[in-house]
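# A closer look at the structure
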Amino acid sequence: MILANCFINTTVFSQEIKSENELKPSDSIFKKNDSLIIGQKDSISIIKQKDSLKKPKEIIESIIEHSADSLIRQDIKNNKIILYKNARVHYKDIDLTAGHIEINNTNNIVTAKGIKDSVGVYSQLPVFKQGTQESLQDTIKFNFKSEKAKIWNLKTEQEGLIIKGEVSKKHNDSVIFIENIKITSSQKDDPDYYIKIKKAKFIKDQKLVAGPSQLVIADVPTPVVLPFAYIPLTKGRTSGFLMPTYGENSTQGYFLQNGGYYFVLSDNADLAVLGDIYTNGSWGLSAESSYVFRYKFSGSFNFSYENLISSIKGFDDYSKSSNYNIRWSHSQDTKASPNSRFSASVNLGSSKYYKESNNEYNTNSFLNNTLSSSISFYKNFVDTPFNMTISATHSQNTNTEEISMTLPSLQVSMDRQYPFAGKNGAKNNALQKTGFTYSLAGTNKISTTDEFFFKKGMFDDAQSGVKHTAGLSTNITALSYLTLSPSLSYNEVWYFDKLKKTYDEVENEVVTDTVSGFSSFREYSTSLSLSTTLYGMFKFKKNSRIEAIRHVIRPSISYSYRPDFSYYNEEVQNSSDPTDIVEYSPFANGIYGSPGSGISNSLSFALNNNLEAKVKSKDSTQTESTKLVLLNSLNFSTSYNMAADSLKWSPVSVSAGTTLFDNKLSVNANASLDPYALNASGTKINTFNINNNGSLFRLTSAGMTLNYSLSSGGDDKQKSQSQKNADANNSDGIFGESSIASNRMEGEGQGENQEETKSTKLFGAQIPWSLKISYALNYSNSIRQNEITSNSLMFSGDLDLTPKWKVGFSSGYDIKDQGFSYTQLRFSRDLDSWKLNFNWVPFGTRQTYYFFIGIKSSMLSDLKYDKTKQSDKSLF
């Protein structure tokens, strides 16, 4: 027996020559002068002389490295090596650590098991690693020759699943046969749940195939039993079936939703094809795809189509509707091309899709009455001042079903050029600062409705045109404090059709026709502005926390002149009276408007104010003061048209905005003040209101918005960036959150750590919470109606009752109409390896609820229960 505390490398050769090498010269047999041994021929040399015999193949093909902290014992008699305490054996790609390891060189079997510590606790359990595969067990016997093993109480993890087995037989490096198995994603020693299986075959990084399986929750067997089980264990994404969600509603009956198949198209793209089916014959199809090409671009595409039937054929209330929706999002990586960029954000389809769909969970889209899309390509021409943007836009009003599109739109712009700049681009005087700009815009505009969308008729009334804009401007510093900015602009517009009006003597009416052909008009204008900035400072006494208040005033006055371009107008007889002649513009329907009629000769006035305070810190150790914004803006503007024959002054526009309470409360207000009076019929007259026994100005409209955001200390800091982005994209969260179908919850913005178990540490007196309040008030009095047009309060919030219980709400109250707006209540519970969600809309036209409880692990995402109560909808 040899005691050692050092690392030993042992090379084990073939079994045929190993027995002689095990004998050492120190053994007693070598102390005798045995003539037979002295005269014995070397067996190795004998083998070398016989060419017909091949050298025997080594049983162990690599070096076995072993070590231990406490004991390394070599049992020569039984041909064994025993390692004790933090023992380790390494062979090829196999690494085995345990408290006790026994290496039997006779049968090439290594036995590893744990040891008991000083208090009798079983510790240093065997950990077996082969490549990336790792397992924990009570005892393991491993054959180095065949690489087979027998394992007791195996514990291994595959793609988030923990697999425990009483007795396992390792057939090779990838196949294991296991008996009495427990499969779970719970990290607890006593798991929340597990799937109990009698026998199974486990194939590394591929699958687990098992016989009868039973779900056990909290060690209580459930009636959920399957005759067999197949669990894919492939790394990364894999194609497979998506289990549907079932439910019922009063219109379409029972249904299965979101069942289908998931395709992994490549490492960069995937596709999910989903279907819905209802017992009354309604159905729906959808396709969802996402793609990511690193350092190039990424995006997602979604197409949904629903064919919904209401009531029973033959009844008076029977109706049928087909709705669709297309969504596409595409963004280009900034590293892909610095001089070109392609992006897309598309949301178009049937105007009634979000209102009638039984499978749409986007709350904001349902409450919003506008769909919009934009696709654009930008190109910067290197070494030239020009850049180009080609785009297509779409705007859709879901209430009126009116659709407006630009298909396409071209914009070519030239960077400001300084033709009179000095050497090395110096700009020291007005001439050298003179800059020239040019832009070209071409648009093809389509206006249609849902009825003709994506049909040939949508192009019948398309409008197109091209607009050239050139400008010349400079600035001059006058009297050291004033900035004088003259400018000159020129516009030229091309159209490819125009209006032609003629008088029909038979019908006694004016007939308007659209005549195809090239037409154009040109107009120009000039302006001159004068502006400056004034600073006022009021300082306080030294013992005051407020050091000073600064008032910044930015007054400006501008003059603009545009000649009369009414000579582009044409005349038409308006009635049977030949002298009844009226003018009209042949460009009236043009997308860039028509030439200005009448001289425009006006002065514009503006006054902008800003108030800031300099406040000492409450912390005496800080020497620098803090800047506090008292009034972010207070702006006044109006204009005076000298060429007008009446009503020369325009209303005074007033706007103000500031933030209070450490930027938690945002306040914005606006008003319009008209200097002219109204007559008895409510028509504005050319008389000042003050001269009509009124005030100096007449308040015609006003509005105010308040946004208040509160949260417990540090709550926002604890949020992840993905959570902050989700809040930012949820209209400040004021409209509530979207209910998400259970089979869409994985991998769609839920975060990478959604399976992470939260700590159950008590909050104490600190309970995380957040509250958002939005108030809006609008007033109108343009014709003495003295009416509050809208007066509403909206609010939403979240409260963490415990680290694992969270409740949320969002609602609003219409003070004018005295009714609650869209209201949603949310409840969520982190059940460690499970999750529970309940979203409820208790009243309103979209009254519904959604309940979900399921396992967090994506591998067992189909092990769930969810229930949806659809809102009752009417088809129009």
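Calculation rules
Residues numbered from 1 in each chain as written. Predicted model: local features only at pLDDT ≥ 70, side-chain atom pairs only at ≥ 80, totals over all residues. Heavy atoms only, no water. Core = buried A, V, L, I, M, F, W, Y, C linked by side-chain atoms within 4.5 Å. Buried < 20%, exposed > 50% of the residue type's maximum accessible area, 1.4 Å probe, protein only. Contact = heavy atoms within 4.5 Å. Salt bridge = Lys/Arg side-chain N within 4 Å of Asp/Glu carboxyl O. Helix = DSSP H or I, 4+ residues; strand = E, 2+ residues; numbered from the N terminus. Patch = residues over 30% accessible without salt bridge, like charges linked within 9 Å, V, L, I, M, F, W, Y side chains within 5 Å. Areas by Shrake-Rupley, 256 points an atom, 1.4 Å probe, with all protein chains shown as cover. Lys, Arg positive; Asp, Glu negative; His and termini not counted. Charge placed at Lys NZ, Arg CZ, Asp CG, Glu CD. pLDDT = per-residue confidence, 0-100. Pairing = 2+ DSSP bridges. Phe/Tyr/Trp six-rings, centres within 6.5 Å; stacked < 30°, edge-to-face > 60°. Lys NZ or Arg CZ within 6 Å of the ring centre and 35° of its normal. Polar contact = N/O pair within 3.5 Å; in protein donor to acceptor, adjacent residues only side chain to side chain.

### Overview of the nonpolar core
L83, I101, I163, I183, I197 and L208 are the most contacted members of the largest nonpolar core, which totals 42 residues. L208 has contacts with I163, I183, I197, A200, K201, F202, A229, Y230, I231 and L233, leaving out every residue within four places of it along the chain. Counting residues in hydrophobic clusters, the runner-up holds nine residues, among them I326, L348, I403 and M405.

### Regarding the pattern of salt bridges
One pass over the full model with this rule turns up 16 salt bridges. One salt bridge connects K188 with D832, and the closest N-O pair in it is separated by 2.7 Å. Of this pair, K188 sits in the loop between β14 (175–184) and β15 (193–203) while D832 sits in the loop between β51 (824–831) and β52 (834–841); the two residues are 644 residues apart in sequence, bridging distant segments of the chain. Among the residues examined, D832 registers a relative accessible area of 11% and is labelled buried. Taking the shortest distance from any N to any O, the salt bridge between K864 and D866 comes out at 3.9 Å. Through salt bridges with shared partners, one network takes in K188, D192, K804 and D832.

### Section: a positive patch on the surface
Together, K182, K196, K198 and K199 give the surface a local cluster of positive charge. Here the element with the most residues in the positive patch is β15; it accounts for three residues. Take K182: it is sitting in strand β14.

### Description of the confidence of the model for the chain
When pLDDT is averaged across the chain, the result is 83; 86% of the residues are at 70 or more. Below a pLDDT of 50 lies the segment residues 1–59, which in the model reaches 51 contacts outside its immediate sequence neighbourhood of four places, other chains included. With pLDDT under 50 throughout, residues 724–732 is counted as low confidence; its partners more than four residues away or in other chains account for twelve contacts.

### Thoughts on the pairing of strand β40 (residues 600–615)
Sheet analysis places strand β37 (residues 546–562) next to β40, joined by 16 bridges and oriented antiparallel. The residue bridging H551 from the neighbouring strand is L611, located in β40. As paired elements, β40 and strand β41 (residues 626–641) share 13 bridges and run antiparallel to each other. Looking at β41, one finds that N608 is bridged to N635.

### With respect to the environment of A344
Mapped onto the secondary structure, A344 falls in strand β27 (residues 340–349). Here A344 falls in the buried class, since its relative accessible area comes to 5%. Sequence-distant contacts of A344, defined by excluding residues within four places in its chain, comprise W328, S329, H330, S374 and I375.

### Quick look at the packing of aromatic side chains
A full pass over the atoms with the stated rule returns 35 aromatic pairs. With centroids separated by 6.2 Å and ring planes inclined at 45°, the aromatic side chains of W328 and F342 adopt a geometry described as tilted. Placement of the pair is W328 in strand β26 (residues 319–332) and F342 in strand β27, with a sequence separation of 14 residues. Following the ring pairs from residue to residue traces out a cluster consisting of Y495, F521, Y524, F565, Y567, Y568 and F587. The residue whose ring lies beneath K182 is Y194, and the NZ or CZ to ring-centre distance is 4.7 Å. Its guanidinium or amino end placed over the ring of Y418, K427 lies 4.6 Å from that ring's centre, counting from NZ or CZ.

### Describing the side chain of T823
Position of T823 among the secondary structure elements: in the loop between β50 (819–820) and β51. A residue is classified by how much of its surface remains accessible, and T823, at 8% relative accessible area, is buried. A distance of 2.6 Å separates polar atoms of two side chains, one belonging to T823 and the other to S811. Reaching out from T823, the side chain makes a polar contact with the backbone oxygen of S821 at a distance of 2.9 Å.

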